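Structural description and commentary
Here is what each chain is made of, one letter per residue.
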Amino acid sequence: MTYPESRRDDVVETLHGREIADPYRWLEDPDSADTQDWVNRQNAFTEAELSGYPEREWFRTTLSAILARPRAGVPEKKAGWYFVGRNDGTRAQDVIYVAESLDELLSGGRVLIDPNTLSEDGTDSLGTFTVSPDGKYFAYGINESGSDWTTFRLLDIATGTPVDDVVSEAKFSEATWLPDSSAYLYLHYPSSGRAEGTETTSLTGGRLMLHRVGTPQSDDELVLSFPGKDQFFITPEVSDDDRYLVVHITEGTDPSTRLWVYPISSDGFGEPVKVVDEFVDEIAFVRMSGDRLVLRTDRGAPRGRVVLSDLAGEFTDLIPEAESTLQAVRATADGLATLTLVDAQSVLTLYALDGSGARVVDVPGGGVVGFNAGPKYAELFIGLSTTTNPTLSYVVATDSGGVRALPELVRGTGGFTPPEVTVTRVHGPVPYFLITRADLDFSAPRPTLMWGYGGFRIPVQADYRPGWPAWLAAGGVLVITNLRGGGEYGSDWHDAGRLKNKQNVFDDFIAVAEHLRDTGVTTPSQLAIHGRSNGGLLVGAVMTQRPDLFAVALPGVGVLDMLRFHLFTVGAAWASDYGLPDDPDQFEDLFAYSPLHRVSDGTAYPATLVVTGDHDDRVVPLHSHKFIAALQNAQSGPQPVLTRVEVNTGHGFGKPAAMVASEWADLLAFAAHHVGLVPPEQ
């Protein structure tokens, strides 16, 4: 196969005594004419290849039907109002509805904001939203073309009219309101006038700013910053009794937290009380209990516990560590609600404020989509999904534990009827979910799609992604893996898959693939692998370490150049999981598995389709560009190695429904074509 030309430059640098060639460094500039020409030629080449696949039309039709299913998010109650995102299946973005009661919301509610009006092509999306304590203002963040950059705007909730008030150059934050509703806090990243989403410059440190409604952003007040500490992230929260501004300080993606509280008075903020002032343990504020703070932490408890803390940082158990993994804690009018993982499956439990009276609530589903509660309300909302069905929400009475499903939130008909499936929990080399269509004969190995992540203490569950029901309906097997580095089994499980232990994640994934082969589920010629972001790194690593084990590799928006990832946008924040190549020891670990640097000339690699977005300012597309250029140059086998670069989209959040359907259709058609999966007749 003759691929589009990728110029190879004589770029070599010496890192810790090693000479490292980087012939495709020119692809790091996303705005250069050469890079844009390369992207256009690659996209045209990929389109020409995929257009000849007979499976493509079936997956396009099926994914379009799946994305045309009416759906709704998880309700939230804020300052007396009820909100939910809803889509009748025809909209690029979900529409936000508001109501004064739950019954009114269930019967339809009123459109508060339609993000589909924000841009002509539907690529601008609504990110976070908050409500002022007096119930007057709806503060929402707009993300343009899938970028992480956020612009905050306000609506008057009662009338739905815009308020002349704008804050820009924000990232990684929501509008955190002061108790009197006069102002909100946000995290500001000065961008030197450039924040389009295609920039690659490493971020400077964020500044916690106070914005007073009705005043220009230039008058905003600096509350907290850490000059010279670009990887410090600041997350503010106002305590439920309005006495404190609670500030979580983290370094990059490391969960270890410093916790400061600022007394709030009519004169502003007092001096901070540094409850915890070292990066050692994960700590998250939950609510107040009298003069003490209720916190979730892993201090002395790898699976997590809930504690009471005084302002001096002395902890006492409230809900001790258990065998399950504590994932989240919410305040309710009646005390606390916890979400725990038992073998990667969610359990909701209600407690009194003193930790007594534990009551497990039965809310079936595969993965938790939303978990919304508040200390002033005796109801909480939880949404769960399965591999074939998107969100089903429940309202739970926190005093009695009564549960009510809310299917009427979804309004409209049509779309796609998913197949009945069987979900089997397998405890192999590491645990994984094996999902199959219930009506198929699996006496012989079948085409299989394997998914993984394994990083940043993020748990993976058997939950919904639009591609899963399409793959299962086509007759394929789906495998969802629980790898070390994730959050399914607590901080020890995470530690076993990061830094010097990162290779364990790849070994786990390879071991599951071998287990599927050895137990007759599939064969290497029928096995496709997929992952996104850190999961894209996973796919890139294992396909370069064991190209013989997989027929298809689908790395999505992956971190693939482990020697330069820290130089771009927010990349240095990932040092908690990856380490930094500036450190000689960590450099050796990174170099050993860096997918870009493990590509070897003359190797027969699996059929590969790399996907990325040109506005991805989290994992910048240069990772994917350089990796596919290297693969195309090295490939000695007959299988194609292609890239698909989506225009005006970012890392994935807020992508319009039609783009989601198109990308999934191409990924699955490519996988099916090369693993021998023949979809049924339309």
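I will try to describe carefully the structure that is included in this document.

Scanning the chain from N- to C-terminus turns up 12 helices and 40 strands. Compactness check: the chain gives a C-alpha radius of gyration of 25 Å against a globular reference of 26 Å for 682 residues, within 12% of the reference. Summed over all atoms, the accessible surface of the chain reaches about 25200 Å², with 48% contributed by carbon and sulfur. For the chain, the distance from the average position of its 53 positive side-chain charges to the average position of its 93 negative side-chain charges is 2 Å.

Further remarks concern the sheet that holds strand S31 (residues 392-397). Pairing between the strands of a sheet comes from backbone hydrogen bonds, and it takes one of two forms, parallel or antiparallel. Here we have 4 strands laid out as an open sheet, ordered S29-S30-S31-S32, and antiparallel in their pairing. Strand pairing shows two members of the sheet lacking a second neighbour, strand S29 (367-372) and strand S32 (403-405), which therefore form its edges. Strand-to-strand twist in this sheet, taken as the mean axis angle between neighbours without regard to direction, amounts to 25 degrees.

Judged by nonpolar contacts, the single largest core of 130 residues is most densely connected at Phe59, Leu63 and Tyr578. At 12 residues, helix H12 (residues 657-675) tops the list of elements feeding residues into this core.

On to the sheet that holds strand S28 (residues 359-361), then. Overall, antiparallel pairing links the 4 strands, which are arranged S25-S26-S27-S28 in an open sheet. At either end of the open sheet lies a strand with only one pairing partner, and these are strand S25 (325-332) and S28. Taken over all neighbouring pairs, the strand axes of this sheet differ in orientation by 30 degrees on average, direction set aside. Of the pairings in the sheet, the one linking strand S27 (residues 345-351) to S28 comprises 3 bridges and is antiparallel in character. Note on S28: the bridge partner recorded for Thr349 is Val360.

Our next topic: the packing of aromatic side chains. Aromatic ring pairs are defined here through the distance separating the ring centres and the angle between the ring planes. Within the structure shown, the criterion is met by 28 aromatic pairs. Measuring from centroid to centroid gives 4.9 Å for Phe129 and Phe138, while their planes differ by 25 degrees, and the two rings are stacked. Comparing Phe129 with Phe138, the two get one shared label, buried. Consider the rings of Phe172 and Phe233, whose centres lie 5.7 Å apart with planes at 70 degrees: the pair is edge-to-face. One end of the pair, Phe172, is in the loop between strand S11 (162-170) and strand S12 (176-177); the other, Phe233, is in strand S16 (residues 232-238), and 61 residues separate them in sequence. In this structure an aromatic cluster arises from ring pairing among Tyr137, Phe152, Trp177, Tyr184 and Tyr186. Positioned over the ring face of Phe279 is Arg258, at 5.2 Å from the centre of the ring. Of note, Arg425 hangs over the ring of Phe433, and the distance from its end group to the ring centre comes to 4.1 Å.

Looking now at the packing of helix H6 (residues 502-518) against helix H7 (residues 534-545). Interhelical geometry of H6 versus H7 gives an angle of 70 degrees and a closest axis separation of 10 Å. Considering their axes alone, H6 and H7 lie roughly perpendicular with respect to each other. For the pair H6 and H7, the crossing hand works out as right-handed. Note on element contacts: H7 touches H6 through Asn534, Leu537, Leu538, Ala541, Val542 and Gln545, opposite Lys502, Gln503, Val505, Phe506, Phe509 and Ile510. Of the residues in the contact of H6 with H7, the class split is 8 nonpolar, 3 polar and 1 charged.

The next point concerns helix H1 (residues 33-50). Here H1 is 18 residues long and its end C-alpha atoms lie 26 Å apart, about the 26 Å a rise of 1.5 Å per residue gives. Within H1, the full set of buried residues consists of Thr35, Trp38, Val39, Gln42, Phe45, Thr46 and Leu50. Taken around the axis of H1, the buried residues stretch over an arc of 135 degrees, which confines them to a single face. Relative to its buried face, H1 has exposed residues pointing more than 90 degrees away, namely Ala33, Asn40 and Ala48. Next to the buried residues of H1 lie helix H2 (55-67), strand S39 (607-613), helix H11 (622-634), strand S40 (641-646) and H12.

Take the pattern of salt bridges next. Taken as a whole, this structure holds 39 salt bridges when the rule is applied. With a closest N to O distance of 2.9 Å, Arg299 and Asp281 form a salt bridge. Here Arg299 is found in the loop between strand S22 (292-297) and strand S23 (305-309), whereas its partner Asp281 is found in the loop between strand S20 (273-276) and strand S21 (283-289), with 18 residues between them in sequence. A residue is classified by how much of its surface remains accessible, and Arg299, at 24% relative accessible area, is partly exposed. On the basis of relative accessibility, which here comes to 14%, the residue Asp281 falls in the buried class.

Reading the values: the criteria
Going along each chain's sequence as written, the residues are numbered from 1 onward. The predicted origin of the model limits local features to residues at a pLDDT of at least 70 and limits the giving and counting of side-chain atom pairs to 80 or more, whereas totals for whole chains, interfaces and linings rest on all residues. Computation of side-chain values covers all heavy atoms of the structure but excludes hydrogens and water. Put simply, DSSP H or I for four residues or longer makes a helix, DSSP E for two residues or longer makes a strand, and each gets a number counted from the N terminus. Our radius of gyration looks at C-alpha atoms and nothing else; its globule reference is 2.2 Å times the residue count to the power 0.38. Values of accessible area rely on a 1.4 Å probe in the Shrake-Rupley scheme; residue burial ignores everything except the protein chains shown. Only four residue types enter the charge count, namely Lys and Arg as positive and Asp and Glu as negative; His and the chain termini do not. A charged residue contributes its charge at one atom only: NZ of Lys, CZ of Arg, CG of Asp or CD of Glu. Should DSSP find at least two bridges between two strands, the strands are regarded as paired. An axis is simply a line fitted to the C-alpha atoms; with a helix, the fit covers only the stretch in contact. Between two such axes, the angle follows the N-to-C directions and lies from 0 to 180 degrees. The criterion is simple. A nonpolar core is a set of buried Ala, Val, Leu, Ile, Met, Phe, Trp, Tyr and Cys residues joined through side-chain atoms within 4.5 Å. Type-normalised accessible area, obtained with a 1.4 Å probe on protein chains alone, sets the label of each residue: buried when under 20%, exposed when over 50%, and partly exposed for intermediate values. To pair, rings of Phe, Tyr and Trp, with the six-membered ring standing in for Trp, must have centres within 6.5 Å; the planes then decide the type, stacked if under 30 degrees apart, edge-to-face if over 60, and tilted in the middle. In this analysis the charged atom, NZ for Lys or CZ for Arg, is taken to sit over a ring once it is within 6 Å of the ring centre and within 35 degrees of the ring normal. An angle counts as roughly parallel when it lies under 35 degrees, as roughly antiparallel when it exceeds 145, as roughly perpendicular when it falls between 65 and 115, and as oblique in every other case. Left-handed is the label given to a crossing in which the near helix is rotated counterclockwise from the far helix by less than a right angle, and right-handed is the label when the rotation is clockwise. Contacts are residue-level and defined by heavy atoms, with any inter-residue pair within 4.5 Å sufficient. Basically, the charged four are Asp, Glu, Lys and Arg, the nonpolar ten are Ala, Val, Leu, Ile, Met, Phe, Trp, Tyr, Cys and Pro, and anything else, Gly included, counts as polar. Each helix should span, by expectation, one fewer than its residue count multiplied by 1.5 Å. What the arc covers is the set of directions going from the helix axis to the C-beta atoms. Within this document, salt bridges are pairs made up of a side-chain nitrogen of Lys or Arg and a carboxyl oxygen of Asp or Glu, the two lying within 4 Å of each other.

Treat this as a map of the structure, not an account of what it does.
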